[in-house]
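Here are the chains, one letter per residue:
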Amino acid sequence: MSKPVDVSHQITDGMITSPNLPEPSITESSTTPGTAGHGNGGGRVTMAGATGTYVEMPAHRYRDGADLADLDLDRVADLPGAVVDVADARQIGPEVFSGLDLRGRAVLLRTGWDRHWRTEAYGGFDHPHLTEAAAKTLVEAGAVLVGIDSVGVDDTAPATEGARPALAVLLAAGIPVVSHLCLLDELPNEGFRFFAVPAKVRGLAAFPVRAFALVG
């Protein structure tokens, strides 16, 4: 029997995913007197789409790109997975994918950066990220989803001036990108199925997911 392994962060009221994003506000529902067992609306969550572990769609970068409502489930659910161990690397170049069969797979980059989650170090400018050449290699290799357990697939240092070349390459190829994964050290390098399904929201290009793998 397959074992589910949760590789997503929980979202809590007031948490910080990234220093430049607003904090989520979560209001719990209360029970109306005389209606035991029935809430008054299920509570309310106000947050940016890029909160916690989230997926980004092509519409995040391209005006005519697919948004969350256009997302086919076979792009984010029941995908054969591959974990690529790139621990201690700041810049992840194309050489780490040499000799790997990534066609049709969800490629998850295990950097170990999730150990800094909810600390000042996590959102620092030295987080691991892909180079543009590495992103192009993933496209050419036939990856269908790319995930990483750090801030994102691009460098966020001030010198980059907001450029996101790796993300642009992946989204242009229609490849969903999942950021802020965690606990990838609990997954084997292969032999698992990966899921990262967001809500079906029209007009949004990024949204939290419950990312998990079925192992065995």
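Refer to the preceding data block for the structure.
Read on for an overview of the structure. (Residues numbered from 1 in each chain as written. Predicted model: local features only at pLDDT ≥ 70, side-chain atom pairs only at ≥ 80, totals over all residues. Heavy atoms only, no water.)

1. A word on unusual backbone geometry
We apply this condition: Each helix corresponds to a stretch of at least 4 residues labelled H or I by DSSP, and each strand to a stretch of at least 2 residues labelled E; elements are numbered beginning at the N terminus. Any residue under 20% of the maximum accessible area for its type is buried, any over 50% is exposed, and the rest in between are partly exposed; the area is computed with a 1.4 Å probe on protein chains only.
Even without being glycine, H180 reaches a positive phi, approximately 60°. Residue placement: H180 occurs in the loop between strand 10 (177–179) and strand 11 (190–197). Using a relative accessible area of 1% as the deciding quantity, one classes H180 as buried. In this structure, L183 takes a positive phi of about 60° despite not being glycine. Its location among the elements puts L183 in the loop between strand 10 and strand 11.

2. Some words on the pattern of salt bridges
As a working rule, side chains carrying opposite charge can pair if their charged atoms are close by. Where we set the bar: A carboxyl oxygen of Asp or Glu within 4 Å of a side-chain nitrogen of Lys or Arg is what we treat as a salt bridge.
Counting across every chain of the model gives seven salt bridges. Salt-bridge contacts for R90 lead to D155; the nearest nitrogen and oxygen are separated by 3.3 Å. Pair noted here: R90 is in the loop between strand 5 (79–85) and strand 6 (91–92) and D155 is in the loop between strand 9 (145–148) and helix 2 (165–172), with a separation of 65 residues, a long-range link. A salt bridge links E132 to K136; the nearest nitrogen and oxygen atoms lie 3.8 Å apart. Taken together, the residues E132 and K136, both in helix 1 (residues 132–141) and four residues apart, mark about one turn of the helix. The class of E132 is partly exposed, set by a relative accessible area of 37%.

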